[in-house]
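Here is how the chains run, residue by residue.
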Amino acid sequence: MNEIISSTINYNKTGMTNAFGWFDISSEDRDRVSALKTLVEENINDIIRDFYDRSGGFDHPTRHMADADHIARIREEQKRHFLELVETGLSEDYYETRRDAGTFNERSGVSPSFYMGAYSYFLKRISTLIREQSDDKDQAVEIIMSLQKIASCHKALTLEAFSNAREEAIEAREREMSELPVPVLKMRDGMLLVPVVGTLDSHRARLLTTRMLDAIRDHSARAVVLDITGVAAVDSAVANHLIQTMTAARLMGANSVLTGITADVAQSLVKIGVTGQALNPAGDLQRGIETAEQLLDG
């Protein structure tokens, strides 16, 4: 049971069956919604146009997207997305369209709030048309309820795909950041500066240690300023690695000064029991260089 609740989308017919089951979507629901295809096709252009033309406090792409072609692509994608809503067959192709829509939204800068706002507007307009064109009010209610169920499933699958695409993008950026080189700069005779930017994971922390110790040996350095201003987070493993690196530097005759500790990083370090004495912090880079100068001249 826990596996079912926590699982993400499986892009196959079995996964689609499960998703329709979670939202209690029957074959009658699919038939009712499929019958709306002509109604949606006849009105979709007007609905999308009106959504963009109206004013309101929503996350409107045109407010921060200057590229008209980009906006046009988003509109066309929304049109396709809403038309697919009435193509409610139980197929792998349908499942793939949800993944494609979620990925498109993430890569195109379409936020979940804007996506949900557009969907809400579309459903309101279509529901109004159903009521206006139906002679049987009870039947209209049944159609709208079926539409709401399938739309909920449709949105959920798309948002889950959006979330997966966002996680993949974040992981890719983190991998890129973790692969950034670690430069070692000679400030003056006896002093080195090691600026660290990006993700400082265990792999990159080991690379940092190797580069720093090699540079201490090659330049006969007696002071090293280790600046982590560009590092967003430091966990316990990385903090311990920094301490070990600075200890190894002292064994090679170089005192280390750690600069650029942010408030968030400082709180994280305190929680895991790391003391200022262990890291020899000096606030910002300027103060770190001044401290290193004093170590050299003293």
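Visitor: Residues and numbers for the confidence of the model for the protein, please.
Guide: Per-residue confidence for the protein gives a mean pLDDT of 80; residues scoring 70 or more make up 83%. Low confidence marks residues 57-66, where pLDDT is under 50. Its contacts with residues over four positions away, or in another chain, come to 20 contacts.

Visitor: Give a detailed account of helix α3 (residues 27-34), specifying residues and quantitative values.
Guide: Residues of α3 that are buried: D29, R30 and V33. For α3, the angular spread of the buried residues around the axis is 95°, confining them to a single face.

Visitor: Explain the pattern of salt bridges to me, and be specific about the residues and the numbers.
Guide: One pass over the structure, following the stated rule, counts 13 salt bridges. E77 serves as the salt-bridge partner of R80, at 2.6 Å between the closest nitrogen and oxygen. In this pair, R80 and E77 both sit in helix α5 (residues 68-85), three residues apart, roughly one turn of the helix. Where R188 meets E293, a salt bridge forms, and the shortest distance between an N and an O atom there is 2.5 Å. Residue R188 is found in strand β1 (residues 185-188), and its partner E293 is found in helix α13 (residues 285-297); the two are separated by 105 residues along the sequence.

Visitor: So what about the nonpolar core? Which residues, and what values?
Guide: Membership of the largest hydrophobic core comes to 35 residues, with the highest contact counts inside it found for L36, L85, F122, I126, I130 and L147. Every element with two or more residues in this core is listed here: α4 (37-53), α5, α7 (112-133) and α8 (137-178). It is α7 that provides the largest number of residues to this core, a total of 10 residues. Not counting the four nearest positions on each side in its chain, L147 is found in contact with V33, L36, L85, L123, I126, S127 and I130. Core analysis: the next-biggest nonpolar cluster, separate from the first, contains 29 residues, L208, I228, V234 and A239 among them.

Visitor: Account for the packing of helix α9 (residues 202-219) against helix α10 (residues 236-251), with residues named and values stated.
Guide: Contact geometry for α9 and α10: axes closest at 10 Å, N-to-C directions at 10°. Classified by the angle their axes make, α9 and α10 are roughly parallel. For the pair α9 and α10, contact is made by S202, A205, R206, L208, T209, M212, L213 and I216 and by A237, V238, H241, L242, T245, A248 and A249, respectively. Taken together, the residues of the contact of α9 with α10 break down into 10 nonpolar, four polar and one charged.

Visitor: Before we move on, could you go through the packing of aromatic side chains and cite the residues and values that matter?
Guide: Within a pair of aromatic rings, the relevant descriptors are the distance that separates the centres and the angle that separates the planes. On inspection of all chains with the given rule, the structure shows eight aromatic pairs. Residues F51 and Y121 carry aromatic rings whose centres are separated by 5.6 Å and whose planes lie at 45° to one another, so their mutual orientation is tilted. With F51 in helix α4 and Y121 in helix α7, the pair connects residues that are 70 residues apart, well separated along the chain. As far as the burial class goes, F51 and Y121 line up, both buried. Centroid distance F82 to F122: 4.1 Å. Interplanar angle 5°. Geometry classified as stacked. Here the residue F82 occupies a position in helix α5, and F122 occupies one in helix α7, the gap between them amounting to 40 residues. F122 shares its class with F82; the two are buried. A connected cluster of aromatic rings, assembled from ring pairs, spans F51, Y52, F114 and Y121. Lying across the ring of Y52, R75 places its NZ or CZ 4.1 Å from the centre. Across from the ring centre of Y119, 5.3 Å away, lies the NZ or CZ of K155, which sits over that ring.

Visitor: Tell me what's going on with the environment of A35, and back it up with residues and numbers.
Guide: Examined against the element boundaries, A35 turns out to sit in the loop between α3 and α4. Taking relative accessible area as the criterion, A35 reaches 63% and is therefore assigned exposed. Sequence separation between A35 and E87 is 52 residues, and the spatial gap between their C-alpha atoms is 9.3 Å.

Visitor: Talk me through the pairing of strand β2 (residues 191-197); I want residue IDs and the actual numbers.
Guide: Among the seven residues of β2, five are classified as buried, and the element is accordingly described as predominantly covered. Joining the antiparallel neighbours β1 and β2 is a turn of two residues, in which G190 adopts a positive phi near 90°. When β2 meets strand β3 (residues 223-230), the two strands line up parallel, connected through six bridges. For L193, the partnering residue across the bridge sits in β3 and is V225. In this fold, the crossover linking β2 to β3 by way of α9 has right-handed handedness.

Conventions used here
- Residues numbered from 1 in each chain as written.
- Predicted model: local features only at pLDDT ≥ 70, side-chain atom pairs only at ≥ 80, totals over all residues.
- Heavy atoms only, no water.
- pLDDT = per-residue confidence, 0-100.
- Contact = heavy atoms within 4.5 Å.
- Buried < 20%, exposed > 50% of the residue type's maximum accessible area, 1.4 Å probe, protein only.
- Helix = DSSP H or I, 4+ residues; strand = E, 2+ residues; numbered from the N terminus.
- Arc of directions from axis to C-beta.
- Salt bridge = Lys/Arg side-chain N within 4 Å of Asp/Glu carboxyl O.
- Core = buried A, V, L, I, M, F, W, Y, C linked by side-chain atoms within 4.5 Å.
- Axes fitted to C-alpha atoms, helices over the stretch in contact; angles between N-to-C directions.
- Parallel < 35°, antiparallel > 145°, perpendicular 65-115°, else oblique.
- Nonpolar A, V, L, I, M, F, W, Y, C, P; charged D, E, K, R; others polar.
- Phe/Tyr/Trp six-rings, centres within 6.5 Å; stacked < 30°, edge-to-face > 60°.
- Lys NZ or Arg CZ within 6 Å of the ring centre and 35° of its normal.
- Pairing = 2+ DSSP bridges.
- Right-handed = clockwise from strand over helix to strand, strands pointing away.

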